[in-house]
2 protein chains.
Amino acid sequence: MTARDIQDDLSASNALELRAKLFRGLSDPSRLAILNALVSGERSVQEIVAHSGLGQPNVSNHLRCLLDCGLVSRRTEGRFVRYRLADRRVASLIHDADRLLAATGAGIDTCERYTE
Amino acid sequence: MTARDIQDDLSASNALELRAKLFRGLSDPSRLAILNALVSGERSVQEIVAHSGLGQPNVSNHLRCLLDCGLVSRRTEGRFVRYRLADRRVASLIHDADRLLAATGAGIDTCERYTE
DNA sequence: ATAACGTATCAGTGGATAATGATATGACGG
DNA sequence: CCGTCATATCATTATCCACTGATACGTTAT
């Protein structure tokens, strides 16, 4: 599947679901913590566990999700598995979100739809 | 801004929750449909209802969420309430997400963590 | 006033999902 | 081989969230 094809798909009716799924991949503090751990480069699962403070099965689950969503990539090395951001755009998207937050997101923590 | 600075920003502890909340605001197909309806300009609630195919209370609920999150702004005019995107960056973020999807998102619909 | 209209809120319900503990799989060293 | 380590999967649980229908609130027109 080429980028052009995917672009075409985005124009179709399922575009909303795809976008929603991408954003949902980024909508969890645990996954953001994992991505955060990967901004500085490749890391093994246990390094991510240490850096994020999350449980190991939990990290594995989220990594599986992030991998399926194409946000991270994976490289096996012996019994270690090293993850990295799949694309510079991932960090860029997070960075842009921060800029949007700085500009308009002052009240975002008062959004009552989400209680967490 | 350097990668180092981004790293530092990402280290702020409550930044993760804020970012997660912002992305969560964008992680629902209904809300994306609403934002999509607003890309071309200001619209009343019923126009959004017609454009998105969602129920009116549902739209109101999501609009409340988007408003609290600072993603849209609101203007009352008689008994109409007209909404618009709060910032060009909102559309920009969605656009960037589409570009990321085009580049790496081929498998995002196969992510099994989300079944919808 | 009162009816009609546009929008917002509320309560209930069904379904999704994040976290945890236990366990399985696979790789290395002794 | 066998024990240990790194990672992945499974089952459970408790929570959260989106949608719907009913209804309340505010505004305009008759």
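The structure displayed is predicted, hence computed values, not measured ones.

## A closer look at the protein's contact with DNA strand C
So, point 1. Around DNA strand C lies a shell of 24 residues, among which Pro57(A), Gly78(A), Ser44(B), Gln46(B) and Pro57(B) are the nearest.
So, point 2. When contributions to the surface near DNA strand C are tallied by element, the ones reaching two or more residues are helix H5 (56-68) of chain A together with helix H4 (45-52), helix H5 (56-68) and strand S3 (80-85) of chain B.
So, point 3. When residues in the surface near DNA strand C are grouped by element, the largest group, six residues, is from H5(B).
So, point 4. Along the lines of polarity and charge, the residues of the surface near DNA strand C split into seven nonpolar, 11 polar and six charged.

## Considering the protein's contact with DNA strand D
So, point 1. The immediate surroundings of DNA strand D are formed by 24 residues, with Ser44(A), Gln46(A), Pro57(A), Pro57(B) and Gly78(B) found nearest.
So, point 2. Looking at the surface near DNA strand D, the elements with two or more residues in it are helix H4 (45-52), H5 and strand S3 (80-85) of chain A together with H5 of chain B.
So, point 3. At six residues, H5(A) tops the list of elements feeding residues into the surface near DNA strand D.
So, point 4. Split by residue class, the surface near DNA strand D holds eight nonpolar, 10 polar and six charged.

## What about the pairing of strand S2 (residues 72-77) of chain A?
Residue and element names in this part refer to chain A.
So, point 1. Examined bridge by bridge, S2 and S3 share six bridges and lie antiparallel to one another. Each residue of the ladder has a partner; that of Arg75, found in S3, is Arg82.
So, point 2. Linking two consecutive strands that pair antiparallel, namely S2 and S3, is a turn of two residues; a positive phi of about 60° is found at Gly78 within it.

## Describing the confidence of the model for chain A
Residue and element names in this part refer to chain A.
So, point 1. Put simply, chain A has an average pLDDT of 85, and 83% of its residues get 70 or more.
So, point 2. Across chain A, element-level confidence peaks in strand S1 (residues 43-44) with a mean pLDDT of 98 and bottoms out in helix H1 (residues 3-11) with 44.
So, point 3. Residue range residues 1-12 is modelled with pLDDT below 50. Its contacts to residues more than four positions away, or to other chains, number 16 contacts.

## Details of the nonpolar core
So, point 1. Counting residues in hydrophobic clusters, the biggest one holds 58 residues, and the most contacted among them are Ile34(A), Leu35(A), Leu38(A), Val72(A), Val90(A) and Val72(B).
So, point 2. A per-element tally of this core places helix H3 (residues 29-38) of chain A first, with six residues.
So, point 3. Once residues lying within four places of it in the same chain are set aside, the contact partners of Val72(B) are Leu38(B), Leu63(B), Leu66(B), Leu67(B), Tyr83(B), Arg84(B), Leu85(B) and Ala86(B).

## Focus on the sheet that holds strand S2 (residues 72-77) of chain B
So, point 1. Pairing within the open sheet is antiparallel, and its three strands lie in the order S1-S3-S2 (chain B). Where the open sheet ends on each side, the last strands, each with one partner, are strand S1 (43-44) and S2 of chain B.

Criteria and cut-off values
Residues numbered from 1 in each chain as written. Chains lettered and ligands numbered in written order. Predicted model: local features only at pLDDT ≥ 70, side-chain atom pairs only at ≥ 80, totals over all residues. Near = placed C-beta within 6 Å. Helix = DSSP H or I, 4+ residues; strand = E, 2+ residues; numbered from the N terminus. Nonpolar A, V, L, I, M, F, W, Y, C, P; charged D, E, K, R; others polar. Pairing = 2+ DSSP bridges. pLDDT = per-residue confidence, 0-100. Contact = placed C-beta atoms within 7 Å. Core = buried A, V, L, I, M, F, W, Y, C linked by C-beta atoms within 7 Å. Buried ≥ 20, exposed ≤ 12 C-beta atoms within 10 Å, placed from the backbone.

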